[in-house]
Amino acid sequence: MKIGRITRALGEIDEAYIQEVFDYKKSERSKFTMSKKKLFSIALAAAIAMISAVMVAADSDILPRIESKCLGISHFIPLKTEHAYLKMTPPDKRYTKLTYDESGHATISIDKDKNFAIGNALEVRLRNNGEMFFFEKGDKFKVRIEVDLNAEGIKHPEGVYLEFGRIWAVDDKPHELKRFDFDDDVNGVLEFTYEIPMTNEYDFYIMSNSSDFVHVKSINIDKIS
Amino acid sequence: MWTLDEERIIGLFLARDQKALEETQKSCGALLLRAALRVLGSRADADECINDALMILWQNIPPAVPTSFRAYACKVVRNVALKRLEHDLAQKRSINASVPIEELEAVLSDERAAEKMSDAEFSQTLDSFLRKLSQEARIVFLKRYFFFDTVPEIARDLNISESKVNSMLFRARKKLREEYEKE
């Protein structure tokens, strides 16, 4: 085995870096853990959950909005920077940041020709100071997705389905998508429990069948354990 | 900024009072022993390494006056231990160090590119990488690749899961590779 260049170079780094390791006291570590636990004890996992999507015809004068409510806002601990945003692909591949006010309400307005329903995929990304959250193996989420099966644009309401899964931080890809069909559900409401199979960092991923645009009325993702 | 203890010890070094070495042992002996054992795996080798490191500290201070004595002493011990490890081919007895060393050196997949860099450029790139990491990520990185702590030890020390430690190390090595490939 050879002692390589990086290993040697680490031996010459500024002592301040090494001192930082000594100074990183246990009290700070447990404070970090405590704030994470506090964060999860509230409905922060559902912070971007409730979305009312408005589908607007191309010639409509109404400016479409996405509204999101942070559930459990009374216990909400404000994060320092962005903490939640939506990414819709396609047609809009950009991230749209949701910023919550003290009442727990966030609204964004987007150009009227954009389609806010889930055309293909919706990625739900939670961040704390720019960092992803770690979910522990066994963490459970109660997921509720409400769609409008009678909305314009759905050609085959009996064939509408959604897939729900998680995006793994390591490869940035969705994994273990579970399919949920709306065939037998006249109300267009899906409710299920989702359990994290492996401790790691994840975002959530929701996709509809690609042949139809699904008009999403609301999405709730609540951490329950 | 020195603690009172460090200030006193550095004072002894500067006054060329040999009590400096005894006081260094008392003050940070356990830390230095752990640093040496991590690399060498053998108590006898580690003790010898610390003796050599104390000699180097005595020769270097003055003119060097470290801003953090403990950190400086750790660096000296680590470097002496690594030289000893390489010289004696003692990797069979230093299981702790060989795995992190191999993990880290695998970052330089194109060694020829790295060889073209001067020592100063190489160190600057490493420094730039460390500065860009979050505090927690930097601490995990240094605990693993400077101090050669095991993943379970890091997880326990920082009160985080082993998976998180592994993830953070994976991402850090990826970022380090990107920094060197940029150069």
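Residues numbered from 1 in each chain as written. Chains lettered and ligands numbered in written order. Predicted model: local features only at pLDDT ≥ 70, side-chain atom pairs only at ≥ 80, totals over all residues. Heavy atoms only, no water.

Things to note about the packing of aromatic side chains
Counting across every chain of the model gives 10 aromatic pairs over all chains. Between F164 of chain A and F192 of chain A, the ring centres sit 5.3 Å apart and the planes meet at 70 degrees, which makes this aromatic pair edge-to-face. Of the two residues, F164 of chain A sits in strand β10 (residues 161-168) while F192 of chain A sits in strand β12 (residues 189-195), which places them 28 residues apart along the sequence. Measuring from ring centre to ring centre gives 5.7 Å for F13 of chain B and F69 of chain B, while their planes differ by 45 degrees; the resulting arrangement is tilted. One end of the pair, F13 of chain B, is in helix α1 (residues 4-14); the other, F69 of chain B, is in helix α4 (residues 69-88), with 56 residues separating them in the sequence. A relative accessible area of 1% places F69 of chain B in the buried class. (Phe/Tyr/Trp six-rings, centres within 6.5 Å; stacked < 30°, edge-to-face > 60°. Helix = DSSP H or I, 4+ residues; strand = E, 2+ residues; numbered from the N terminus. Buried < 20%, exposed > 50% of the residue type's maximum accessible area, 1.4 Å probe, protein only.)

Observations concerning the packing of helix α2 (residues 15-23) of chain A against helix α8 (residues 135-145) of chain B
Between α2 of chain A and α8 of chain B, the least distance of the axes is 10 Å, while the angle of their chain directions is 100 degrees. Judged on the interaxial angle alone, α8 of chain B and α2 of chain A are roughly perpendicular. Along its contact with α2 of chain A, which presents Y17, E20 and V21 of chain A, the element α8 of chain B presents Q135, R138, I139, L142 and K143 of chain B. (Axes fitted to C-alpha atoms, helices over the stretch in contact; angles between N-to-C directions. Parallel < 35°, antiparallel > 145°, perpendicular 65-115°, else oblique. Contact = heavy atoms within 4.5 Å.)

Comments concerning the side chain of T24 of chain B
Within the secondary structure layout, T24 of chain B lies in helix α2 (residues 19-40). Ignoring sequence-local partners within four residues, the contact set of T24 of chain B consists of I9, F13, G29, L32, L54, L57 and F69 of chain B.

Re a nonpolar patch on the surface
Residue and element names in this part refer to chain B. Residues W2, L14 and V65 make up a contiguous nonpolar surface patch of roughly 240 Å² in combined accessible area. Among the structural elements, L14 can be located in helix α1. According to the relative accessible area criterion, L14 is partly exposed, its value standing at 40%. (Patch = residues over 30% accessible without salt bridge, like charges linked within 9 Å, V, L, I, M, F, W, Y side chains within 5 Å. Areas by Shrake-Rupley, 256 points an atom, 1.4 Å probe, with all protein chains shown as cover. Salt bridge = Lys/Arg side-chain N within 4 Å of Asp/Glu carboxyl O.)

What about the pattern of salt bridges?
Residue and element names in this part refer to chain B. Inspection of the entire model under this criterion finds 21 salt bridges over all chains. Residue R8 pairs with E23 through a salt bridge whose shortest N-O separation is 2.9 Å. With R8 in helix α1 and E23 in helix α2, the pair connects residues that are 15 residues apart, well separated along the chain. Residue E23 is classed as buried on the basis of its relative accessible area of 9%. Note that E103 is salt-bridged to R144, the shortest N-O span being 3.1 Å. Highlighted residues: E103 in helix α5 (residues 95-105) and R144 in helix α8, separated in sequence by 41 residues.

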